[in-house]
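Geometric and topological summary
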Amino acid sequence: MTTIPAADIEIRIRDGIWELLPSGDTLSTRPLFRVLRGSGVMEYTPAFGASHKLPGTVLSIEYIRSVVVGYEKKSQCWLLGFQMARSATEKVRWMELVSWPSGDNTLYAASAQQAGRALAEYVGCPLKIFGAKKFVQQSDSSPGRSGVTGPLVPHKREDIGPQQVKLMAQSVKLPLEYPNMWLGHARSGVTLRLAKEASEKKHGGVTPSFNQCVIDPKDGAIRLLPPTGLLGTFFGGQQGRVVKTHEVRNVELRHSVTHEYVPQQEGSGVITEVTYTIHSWDIYLTLPDESLLLAQTSHTTSSELTRHRAMAGNKFAVDTEAGIAYLRKHQADQEAYDTAIGWADGAAMVIASALGVRLVKTEIDNNSSA
């Protein structure tokens, strides 16, 4: 859980929940204001709603055009709030949620931008930043990939035993094909092939070091071939590698979620920040002294598309043409997500089954506030 103090109020971010509570009221069961990621609504107390000119105690996030974080020169305070309007053509109004004590521009910049980023992610809309002397970038560096039991960061873990893996693998139809990757039957096992493009670095993370993996349980060996051609081998390129099957402790399917914040200059002194959520599914062989990456798939979606998904019900009701356009985007996005996770899950299952080892599914949120 992350707690961010502000002026007479505290921001609490935990388990996909962004909420406001009076300072020091950590035991309160009723926050003043709350947003649950993916819910499509914001909730608040009657008193909060009345003071902010909001109806009732629940309002759709459809009315939120952007989350705004800015430093006001007159009051010398950092502010966080919403730009709101009933429709895209209506003039927006400013609704302040939080303010920080007066001080230098850089004093509360990091806290305000951290709170704003989380709120923008949870409501699924762009973040606008103004008046910042220094734009605070949040680090999205990938965690270490070495280790014998999985990620060296907090993560969720599910272990599936060898017998269950074999039963589940029987429902996977080979070959499994994905852009630049292929997994299918070999003479006495399975073969994984990767095109050159599958080994290119994405989002600053690691990539497979080998373009072909031949798993031969009868021979007790896993043969890994490097991405070098004939000339590369002749001039002393990367050498292949053989791993004994008995050295494999398990196969790990690691699902990582990271967020990239892309600033876009909107006007004089105003930056609009769009959040991109990146899902990555990595298949590792867990060896006694390392985790060896074999293959990976990924999927990226933007906060704008997430927001459209949350608003889809209302959009379909009032604008059929826009609703159909949104629906197509959502379907394409969901299909790409399902394809990426489906290939990785099936491939990890088949590889673990061929080796007769456990399949360990781990999950990391590299930007979790929990």
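Below is a summary of the structure that appears in this document. (Residues numbered from 1 in each chain as written. Predicted model: local features only at pLDDT ≥ 70, side-chain atom pairs only at ≥ 80, totals over all residues. Heavy atoms only, no water.)

Brief notes about the pattern of salt bridges
To keep things clear, this is the line we draw: Here, a salt bridge means any side-chain nitrogen of Lys or Arg that lies within 4 Å of a carboxyl oxygen of Asp or Glu. Remark: exposure states derive from per-residue accessible area (1.4 Å probe, protein chains only) relative to the maximum for the residue type, with buried under 20%, exposed over 50%, and partly exposed in between.
This model, assessed by the stated rule, comprises 12 salt bridges. The salt bridge involving Asp216 is made with Arg223; its shortest N-O contact spans 3.4 Å. On the basis of relative accessibility, which here comes to 30%, the residue Arg223 falls in the partly exposed class. Overlapping salt bridges, with partners in common, bring together Arg12, Arg14 and Glu19 in one network.

Description of the pairing of strand β13 (residues 181-185)
To be explicit about the condition: Strands qualify as paired when DSSP identifies two bridges or more between them. Labels follow the DSSP assignment, with helices taken as runs of H or I lasting at least four residues and strands as runs of E lasting at least two, numbered in each case from the N terminus.
As paired elements, strand β12 (residues 176-178) and β13 share 3 bridges and run antiparallel to each other. Bridged to Leu176 within β13 is Leu183. Between β12 and β13, which follow one another and run antiparallel, lie 2 residues, and Asn180 among them has a positive phi close to 70°. The sheet contact formed by β13 and strand β14 (residues 190-194) spans 5 bridges and is antiparallel.

Quick notes on the pairing of strand β8 (residues 77-84)
Most of β8 is tucked away, with 7 of its 8 residues classed as buried. Here 8 bridges tie strand β7 (residues 64-72) to β8, and the two strands are oriented antiparallel to one another. Among the inter-strand pairings, Val68 is bridged to a residue of β8, identified as Gly81. Connecting β7 to the next strand, β8, in antiparallel fashion are 4 residues, including Gln76 with a positive phi near 55°. By the bridge criterion, 6 bridges tie β8 to strand β9 (residues 93-99) in an arrangement that is antiparallel. Note that in β9 the partner of Leu80 across the bridge is Val98.

Considering the packing of aromatic side chains
Under the convention used in this document: Each Phe, Tyr or Trp ring, with Trp reduced to its six-membered ring, pairs with another whose centre is within 6.5 Å; inter-plane angles below 30 degrees give stacked pairs, above 60 give edge-to-face pairs, and intermediate values give tilted ones. Charge-over-ring contacts are defined here by two conditions on Lys NZ or Arg CZ: a distance within 6 Å of the ring centre and an angle within 35 degrees of the ring normal.
Applying the stated criterion across every chain yields a total of 7 aromatic pairs. Arranged with centres 6.3 Å apart and planes meeting at 40°, the rings of Tyr44 and Phe48 form a pair that is tilted. Residue classification places Tyr44 among the buried residues on the basis of a relative accessible area of 2%. Among the aromatic side chains, those forming a connected cluster through ring pairs are Trp18, Phe33, Tyr44, Phe48 and Phe82. Sitting over the ring of Tyr284, Arg254 keeps its end group 4.3 Å from the ring centre.

Looking at helix α2 (residues 109-123)
Short version of the rule: Expected helix span is given by 1.5 Å per residue-to-residue step, counting one fewer step than there are residues.
Across its 15 residues, α2 extends 21 Å between first and last C-alpha, which sits within 8% of the 21 Å expected from 1.5 Å per residue. Within α2, 12 of the 15 residues are buried, leaving the element largely enclosed by the surrounding structure. With its phi angle positive at about 75°, Gly124 sits one or two positions after the end of α2.

Side note on the sheet that holds strand β15 (residues 212-216)
Cut-off, in case you're wondering: Here the axes come from fitting lines to C-alpha atoms, over the contacting stretch only for helices, and the angles between their N-to-C directions go from 0 to 180 degrees.
Read from one edge to the other, the open sheet built from 6 strands follows the order β12-β13-β14-β15-β16-β17, with strand pairing classed as antiparallel. Edge positions in the open sheet fall to β12 and β17 (241-244), since each of these has one partner strand only. Shown here is a sheet whose adjacent strand axes are inclined to one another by a mean of 10°, direction ignored. In terms of strand pairing, strand β16 (residues 221-225) meets β17 through 4 bridges, oriented antiparallel. Across the sheet, the residue bridging to Arg223 is Val242, located in β17.

Thoughts on the environment of Gln83
Which entries qualify depends on this criterion: Contacts were defined at the residue level, with two residues in contact if any of their heavy atoms lie within 4.5 Å. By the criterion applied in these results, polar contacts are pairs of N or O atoms within 3.5 Å in which, for protein atoms, one can donate a hydrogen and the other can accept it, and in which residues neighboring in sequence qualify only through two side-chain atoms.
As for its position among the elements, Gln83 is in strand β8. Between the C-alpha atoms of Gln83 and Ser66, which are 17 residues apart in sequence, the distance is 5.3 Å. Sequence-distant contacts of Gln83, that is, excluding residues within four places in its chain, are made with Tyr63, Ile64, Arg65, Ser66, Val68, Val92, Arg93 and Lys128. There is a polar contact of 2.8 Å between the side chain of Gln83 and the side chain of Ser66.

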